[in-house]
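For reference, the chains in residue letters:
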Amino acid sequence: MSGQLRHMLRDDDITHDEQLQILKLAMHFRKDRFYRRPFDGPQAVAVLFDKPSTRTRSSFSVGVAELGGYPLVIDKSGSQLGRGEPVADTARVLTRMTSAIVWRTFGQERVEEMAQYATIPVVNALTDQFHPCQVLADFLTIAQLRGGVDALAGTSIAYVGDAANNMANSYLLAGATAGMHVRVSGPNGYLPDAQIVEKAKVIAASTGGSILVTTEPAEAVSGTDCVFTDTWVSMGEEGEYAIRSKPFWKYQVNDGLMALAKPDALFQHCLPAYRGKEVTADVIDGPQSVVWDEAENRLHAQKALLTWLIGIQRGDESLLS
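Residues numbered from 1 in each chain as written. Predicted model: local features only at pLDDT ≥ 70, side-chain atom pairs only at ≥ 80, totals over all residues. Heavy atoms only, no water.

Enquirer: Break down the overall build of the protein chain for me, with residues and values.
Expert: When its secondary structure is counted, the protein chain shows twelve helices and nine strands. In terms of overall size, the protein chain behaves like a compact globule, its C-alpha atoms giving a radius of gyration of 19 Å where 321 residues would be expected to give roughly 20 Å. Overall size of the protein chain, expressed as C-alpha extent along the three principal axes, is 55 × 40 × 35 Å. As displayed, the protein chain offers around 12,600 Å² of accessible surface, 50% of which is attributable to carbon and sulfur atoms. (Helix = DSSP H or I, 4+ residues; strand = E, 2+ residues; numbered from the N terminus. Rg over C-alpha atoms; globule rule 2.2 N^0.38 Å. Areas by Shrake-Rupley, 256 points an atom, 1.4 Å probe, with all protein chains shown as cover.)

Below, the structure written as structure tokens:
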């Protein structure tokens, strides 16, 4: 197997079979946190943050260390990148010093430019358009609790709330890749980009999945295996909460909405959550909520992803299973 440079910039950067391979590797990491150590040395992995973070910072920092490496965590305020240095220049420097680059930033074009100039794997740890690492963790949670990775195909999932955000985009593309039946619901004006919906439909046609976008939350949630939501207000928009939240109250995940899903349906939220707003306390703190497993699974899924990317680059089959 010859080496090949691969990145994870958006959820459709991997195929159905590759997604399964990564998730199966993540299941191994769930059982043994030191299952593989591709960064022994330690080799450094650059973990860049242009936005605040708790779960992403913790999971990547701990994960890189458990993979045998050194997490070189760089905040925007402490880097020249944050002062306007070109992304291409940063990519060229980090390529010579680290084994991979993980970046939580704003525009998708930033991680794409980083990948264009880097000669090591680049991972999107969140952009305004996609959040692929989170969705890998979410699907790992379903696999963990519902029959394993091979049972994901055919699973029905619903995402309700702000359907124009990065989480909705990622559920559409990653769910279609998995062969899931993906239902996304939000108010008019807060629906997914039409191009992403069409791309998801094309992928779903090849995997046996399906895509539904609707303004009716009951239509999305009815009979589903898992219900997802996210905060209605993104970072930096908190001061506009009263105005921005008005269209979304119909999409609150409460006992009534959860009752429309299957009796054993799971509830997931990428966190941080605002009880009494996008989700009620009865749901997120109730028996159907698996948000703490979901949060832990960021660690296992991201370790699997980094291991897989490095295995592909090195042409090392032992790191891929």
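Enquirer: Hey, could you go over the environment of Cys-226 for me, with residue numbers and the actual values?
Expert: Among the structural elements, Cys-226 can be located in strand β8 (residues 226-229). With relative accessibility at 1%, the residue Cys-226 sits in the buried group. Not counting chain neighbours up to four residues away, the residues in contact with Cys-226 comprise Ile-142, Ser-156, Ile-157, Ala-158, Ala-265, Leu-266 and Gln-268. (Buried < 20%, exposed > 50% of the residue type's maximum accessible area, 1.4 Å probe, protein only. Contact = heavy atoms within 4.5 Å.)

Enquirer: Describe the sheet that holds strand β9 (residues 266-269), naming the residues involved and giving the relevant values.
Expert: Strand pairing within a sheet occurs via backbone hydrogen bonds; the two strands may be parallel or antiparallel. The strand order across the open sheet formed by five strands is β7-β6-β5-β8-β9, and the pairing between neighbours is parallel. Edge positions in the sheet fall to β7 (210-214) and β9, since each has one partner strand and no second. Strand-to-strand twist in this sheet, taken as the mean axis angle between neighbours without regard to direction, amounts to 15 degrees. (Pairing = 2+ DSSP bridges. Axes fitted to C-alpha atoms, helices over the stretch in contact; angles between N-to-C directions.)

Enquirer: Pulling in residues and values, what's your account of helix α1 (residues 16-31)?
Expert: The end-to-end C-alpha distance of α1, which contains 16 residues, comes to 23 Å, matching closely the 22 Å that a straight helix rising 1.5 Å per residue would cover. Packed against the buried residues of α1 are α5 (132-145), α6 (166-178) and α12 (291-314). (Expected span 1.5 Å × (residues − 1).)

Enquirer: Report on the sheet that holds strand β2 (residues 70-75), specifying residues and quantitative values.
Expert: Read across the open sheet, the four strands follow the order β2-β1-β3-β4; overall the sheet is parallel. The open sheet has two edge strands, β2 and β4 (122-126), and neither has a second partner. Taking each pair of neighbouring strands and ignoring which way they run, the sheet shows an average axis angle of 20 degrees. Of the strand pairs in this sheet, strand β1 (residues 44-49) and strand β3 (residues 100-104) are connected by five bridges, and their pairing is parallel. Looking at β3, one finds that Val-45 is bridged to Ala-100.

Enquirer: Mind laying out the packing of α5 against α6, listing which residues take part and the relevant values?
Expert: Between α5 and α6, whose axes approach to 9 Å, the crossing angle comes to 55 degrees. Viewed along their axes, α5 and α6 adopt a mutual orientation that is oblique. Note on packing geometry: the crossing formed by α5 with α6 is right-handed. Taken together, the residues of α6 that come into contact with α5 (itself represented by Pro-132, Gln-134, Val-135, Asp-138 and Phe-139) are Met-167, Ser-170, Tyr-171, Ala-174, Gly-175 and Ala-178. Here the contact of α5 with α6 is built from residues that sort into seven nonpolar, three polar and one charged. (Parallel < 35°, antiparallel > 145°, perpendicular 65-115°, else oblique. Left-handed = near helix turned anticlockwise from the far one by under 90°. Nonpolar A, V, L, I, M, F, W, Y, C, P; charged D, E, K, R; others polar.)

Enquirer: Tell me about unusual backbone geometry, and name the residues and values.
Expert: Geometrically, the link from Gly-41 to Pro-42 is a cis peptide bond, its omega value of 5 degrees lying close to zero. Tracing the backbone shows Pro-42 in the loop between α1 and β1. In the segment running from Leu-271 into Pro-272, the intervening peptide bond is cis, with an omega of 0 degrees. With respect to the secondary-structure elements, Pro-272 resides in the loop between β9 and α11 (281-284). Despite not being glycine, Leu-126 has its phi angle at roughly 145 degrees, a positive value. Tracing the chain through its elements places Leu-126 in strand β4. Positioned with a positive phi, Leu-271 is a non-glycine residue whose angle comes to about 70 degrees. You can see Leu-271 is positioned in the loop between β9 and α11.

Enquirer: Tell me what's going on with the pattern of salt bridges, and back it up with residues and numbers.
Expert: Per the counting criterion, the structure on display carries 16 salt bridges. Put simply, Glu-296 and Arg-30 hold a salt bridge, and the shortest N to O gap is 3.6 Å. You can see Glu-296 sitting in helix α12 and its partner Arg-30 sitting in helix α1, a full 266 residues away along the chain. Accessibility expressed as a relative area gives 36% for Glu-296, which makes it partly exposed. For Asp-40, the salt bridge identified is with Arg-37, shortest N-O distance 3.1 Å. Relative accessible area serves as the criterion here: at 36%, Arg-37 is assigned to the partly exposed category. Through salt bridges with shared partners, a single ionic network connects Arg-10, Asp-12 and Lys-199. (Salt bridge = Lys/Arg side-chain N within 4 Å of Asp/Glu carboxyl O.)

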